[in-house]
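Tertiary structure, described
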Amino acid sequence: MAFENITFAAANGVARLTLNRPDKLNSFTEAMHAEVRDALDQIQEDKSIRVLVITGAGRGFCAGQDLADPSVAIINGKVPDMGNVVERHYKALIMRLASLRVPTIAAINGVAAGAGVSIALACDLVIAAKSASFMQAFSKIGLIPDTGGTWFLPQRVGMARAMGLAMLADKLPAEKAEAWGLIWRCVEDADLAATVDGLAAQLAVMPTKALVRIRQAMQAAPTHTLEQQLSMEAGFMRELGWSPDYAEGVAAFMEKRAPKFTGE
Ligand code: T3D
């Protein structure tokens, strides 16, 4: 598929997906959803890819759904089935990101609004430029935080802050987002690219399967009992204990050298 709404490239184990409709703050159309799906398919198939970075072109990260896209626009008084759009596109996208075979980084270069916030929060690590912000725009247009927003927000920032963000739809500056625990780090604008590149390079040579199992265990924890979580950990430890990367990690430690993980 030739991409028109995103750019996608992979090098040195790092795949970069850039949402590329800067004039519309990289808001999602049906066409963009299709291209992102295709890029994620490529990541699943290409075992040389060890980490995904998602960012936005221009001054915004992503303003969520393109409200003018025919798939959601109210035309001649006819209201489309929003639930259907959310199920087909956004739920599917978040489930894909949350179960991707490689770790994910969201590089927040500017404003993230609506589903754009949730897409960022579905990534494993979120790094934002100081000038970026996060806005639960939904209530301003009569909707609720979808795309996992009502799941991510209270877990990250607690119920009081989640309710305030969701109901009032104020922009949360990146620095405060870091202080509240919504994201991993906020950095100076000029440092965003280098910080993300460094992090991506670091993750790309780590034991990929372990990183993904860490994500899975963290996702499961809020709805598990302690006993269920301990069992899940034991299962993952069993699986990872038999992995080549574990053997390499231990051998490298014993031999006092840097490990060469393959992601297997
Ligand atoms: O069916 C469904 O809807 C279900 C799916 C829901 C998922 C969702 O994400 S719903 C929430 C949708 N998003 C929003 O409501 C956010 C709308 N955007 C804004 O509130 C503002 O643009 C921002 C606060 C994000 C940024 O404000 P600002 O002043 O920096 O930029 P701007 O001037 O508003 O936007 C720049 C351009 O992008 C402008 O186009 P123009 O006038 O220059 O041609 C603006 O219309 C366009 N744009 C921004 N967001 C969207 C958009 N166009 C379409 N859809 C957008 N979401």
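As a reminder, the structure under discussion sits directly above these lines.
Let us now look at the overall build of the chain. Looking only at helices and strands, the chain features 10 helices and 10 strands. On C-alpha atoms alone, the chain measures out to a radius of gyration of 19 Å, which is about the 18 Å that the 2.2 N^0.38 rule sets for 264 residues. Projected onto the principal axes, the alpha-carbon positions of the chain cover approximately 70 × 45 × 35 Å. Within the span of the chain, comprising 264 residues, buried residues form 47% of the whole.

Let's shift gears to the pairing of strand β1 (residues 6-11). When β1 meets strand β2 (residues 14-19), the two strands line up antiparallel, connected through six bridges. Bridging from a neighbouring strand, F8 pairs with L17 of β2. Hairpin connection from β1 to β2: two residues lie between these consecutive antiparallel strands, with N12 at a positive phi of about 55°.

This part takes up the environment of A162. One can find A162 in helix α5 (residues 159-168). Residues A162 and Q136 lie 26 residues apart in sequence; the distance between their C-alpha atoms is 9.7 Å. When near neighbours in sequence (up to four residues on either side) are disregarded, A162 contacts L153, P154 and V157.

Every one of the 23 residues lining the ligand counts as a neighbour, but K24, R59, Q65, M82 and A115 are closest to it. With respect to the ligand, the backbone of Q65 contributes an N or O atom lying 2.8 Å from a nitrogen atom. For the ligand, a nitrogen atom lies 2.9 Å from a polar atom in the backbone of L67. Across the complex, the protein chains shield 69% of the 1,000 Å² of accessible surface that the ligand would expose by itself. Of the residues forming the shell around the ligand, the biggest block, three residues, is contributed by helix α2 (residues 82-98). Here the residues of the shell around the ligand sort into 13 nonpolar, four polar and six charged.

Now for unusual backbone geometry. Of note, the phi angle at T147 is positive, near 60°, even though the residue is not glycine. With respect to the secondary-structure elements, T147 resides in the loop between β8 (133-135) and α4 (149-157). Unlike most non-glycine residues, K256 shows phi in positive territory, near 50°.

Before going further, it helps to examine helix α1 (residues 30-45). Counted at 1.5 Å a residue, the expected span for α1 with its 16 residues is 22 Å, and the 23 Å between its end C-alpha atoms agrees. Along α1, the residues classified as buried are M32, H33, E35, V36, A39, L40 and I43. Projected down its long axis, α1 carries its buried residues within an arc of 165°, all on one side. Residues of α1 that are buried in the fold lie against β1, β2, β3 (51-56) and α2.

Rules and cut-offs
Residues numbered from 1 in each chain as written. Predicted model: local features only at pLDDT ≥ 70, side-chain atom pairs only at ≥ 80, totals over all residues. Heavy atoms only, no water. Helix = DSSP H or I, 4+ residues; strand = E, 2+ residues; numbered from the N terminus. Rg over C-alpha atoms; globule rule 2.2 N^0.38 Å. Buried < 20%, exposed > 50% of the residue type's maximum accessible area, 1.4 Å probe, protein only. Pairing = 2+ DSSP bridges. Contact = heavy atoms within 4.5 Å. Near = heavy atom within 4 Å. Polar contact = N/O pair within 3.5 Å; in protein donor to acceptor, adjacent residues only side chain to side chain. Areas by Shrake-Rupley, 256 points an atom, 1.4 Å probe, with all protein chains shown as cover. Nonpolar A, V, L, I, M, F, W, Y, C, P; charged D, E, K, R; others polar. Expected span 1.5 Å × (residues − 1). Arc of directions from axis to C-beta.

The values reported here are purely geometric and, on their own, carry no functional implication.
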